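Survey of secondary and tertiary structure
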Amino acid sequence: MTHERPRGLDVLRVFCSGDGRHGNALGVVRDGRPYPDEKSRQALAAELGFSETVFVDDPERGVVDIYTPAARLPFAGHPLVGVAWLLDLEAVNPPAGEVWVRSDGEFTWITARAEWAPPRTLRRYGSAAEVEALEVPPSGEWMYAWAWEDEAAGRIRARAFPGRGDGIDEDEATGAAALLLTEQLGRALNITQGSGSQLLTAPGPDGVIELGGRVRLARH
């Protein structure tokens, strides 16, 4: 990007692979006060151009506000995993509701409900190779393409196409879609998405699902 980044902006990569590569870029504005309303936040998110940018309104309680380049979201997976890791939070509070956090040293996990995720079309393909060969589809439908790599082991190959026409043709790692797929399949999943990002999920009691991944600071 050629424009100057605002002060207090951290850029993370969320859902990195085991060697620390890949992951979905995330902008975290540590102090949301210079952007006091939805209009100013939406403008910055559009300017930055990340799939999501999160504004921190209360770092102690984890109150956050999430934006794509074109819309405000009540919930999104990779922003919440990323900001929880960055600020070392025990809970994050997006508009959708309170999200509990834990860390096992390598992975940061959030606890969420699939119904918080925006609607997505989950489209199954016959093989990982078919998913990898897909061209970006026309705009208009948010499509999550997936196939089993190893069904017995719960390993999945996936790609995500937001279809919003906002410059994000493909989403590198999509926590909300992983939650929806986990609910649909009813089992823990190990998902490789995009160029090589890794997302882990684990269903819990009462419709709760854990979503975990590695987070790294992006090199500026």
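A short tour of the structure in this document, coming up. The written sequence of each chain sets the order in which its residues are numbered from 1. Under the rules for a predicted model, residues below a pLDDT of 70 receive no local features and side-chain atom pairs below 80 are neither given nor counted, while totals for whole chains, interfaces and linings still include all residues. To get the side-chain values, take all heavy atoms of the structure and skip hydrogens and water.

**Quick notes on the pattern of salt bridges**
A side chain with one charge can pair with a side chain of the opposite charge if their charged atoms come near. Here, a salt bridge means any Lys or Arg side-chain nitrogen found within 4 Å of an Asp or Glu carboxyl oxygen. Per the stated rule, a full pass over the model turns up 15 salt bridges. Residue Arg102 pairs with Glu210 through a salt bridge whose shortest N-O separation is 2.7 Å. Taken as a pair, Arg102 in strand 7 (residues 99-103) and Glu210 in strand 14 (residues 208-217) lie far apart in primary sequence, 108 residues in all. Note on exposure labels: buried denotes an accessible area under 20% of the residue type's maximum, exposed denotes more than 50%, and partly exposed covers the range between, all computed with a 1.4 Å probe on protein chains only. For Arg102, a relative accessible area of 37% corresponds to the partly exposed category. The salt bridge involving Glu149 is made with Arg155; its shortest N-O contact spans 3.3 Å. Residue class for Glu149 comes out partly exposed when judged on its relative accessible area of 33%. The helix and strand labels rest on DSSP assignments: H or I over at least four residues marks a helix, E over at least two residues marks a strand, and numbering proceeds from the N terminus.

**Looking at helix 4 (residues 175-185)**
The buried count for helix 4 comes to 8 of 11 residues, which makes it a mostly enclosed element. All of the buried residues in helix 4 are Gly175, Ala176, Ala177, Ala178, Leu179, Leu180, Leu181 and Thr182. Two residues or fewer after helix 4 comes Gly186, characterised by a positive phi angle close to 70 degrees.

**A look at empty space enclosed by the protein**
Using a probe with the size of a water molecule, rolled over the atoms, empty space left in the structure can be pinpointed. Using a 1 Å grid laid over the protein atoms alone, points where a 1.4 Å probe fits but cannot get out form a cavity; open sets with protein on both sides within 12 Å along at least 5 of 7 lines form a pocket; any residue with an atom within 4 Å of a point counts as lining. Grid points are joined across faces, edges and corners, and a volume is the space filled by probe spheres set on the points. One pass over the structure, following the stated rule, counts 1 cavity of 30 Å³ or more. When its volume is computed, the largest cavity comes out at roughly 100 Å³. What lines the largest cavity is a set of 18 residues, and nearest its centre among them are Glu52, Ala76, Arg120, Asp171 and Thr174. Looking at the lining of the largest cavity, the elements with two or more residues in it are helix 2 (77-87) and helix 4. The element contributing the most residues to the lining of the largest cavity is helix 2, with 3 residues.

**Section: the pairing of strand 11 (residues 155-161)**
It is a general feature of regular strands that their side chains alternate between the two faces of the sheet. With 6 of 7 residues buried, strand 11 lies mostly within the body of the structure. Only strands that DSSP links by at least two bridges are regarded as paired with each other. Both strand 10 (residues 143-150) and strand 11 contribute to a ladder of 7 bridges, which runs antiparallel. Its bridge partner being in strand 11, Met143 is matched across the sheet by Phe161. Here strand 10 hands over to strand 11 after 4 residues, with Gly154 in that stretch at a positive phi of 75 degrees. As paired strands, strand 11 and strand 12 (residues 189-193) are joined by 4 bridges and run parallel to one another. In the sheet register, Ala158 faces strand 12, and the bridge partner there is Gln193. Look down the strands so they point away from you; if the path from the first strand over the helix to the second goes clockwise, the crossover is right-handed. Taking the sense of rotation as the criterion, the β-α-β connection linking strand 11, helix 4 and strand 12 turns out right-handed.

**Describing the packing of aromatic side chains**
Here is the rule: rings of Phe, Tyr and Trp (six-membered ring for Trp) pair when centre to centre is within 6.5 Å. Planes less than 30 degrees apart are stacked, more than 60 are edge-to-face, and the remainder are tilted. Applying the stated criterion across every chain, the model contains 5 aromatic pairs. Here Phe107 and Trp109 contribute two aromatic rings whose centre-to-centre distance is 6.2 Å and whose plane-to-plane angle is 50 degrees, an arrangement assigned as tilted. Assessed through its relative accessible area of 8%, Phe107 is described here as buried. Assessed through its relative accessible area of 8%, Trp109 is described here as buried. Seen from their ring centres, Trp146 and Trp148 are 5.6 Å apart, and the 85 degrees between their planes marks the pair as edge-to-face. Summarising the burial analysis for this pair, Trp146 and Trp148 share the class buried. Aromatic rings pair up to connect Tyr35, Phe55 and Tyr67 into one cluster. Charge-over-ring placement is defined geometrically: NZ (Lys) or CZ (Arg) within 6 Å of the ring centre, and within 35 degrees of the ring normal. It is Arg120 that lies over the ring of Trp142; its NZ or CZ is 3.9 Å from the centre.

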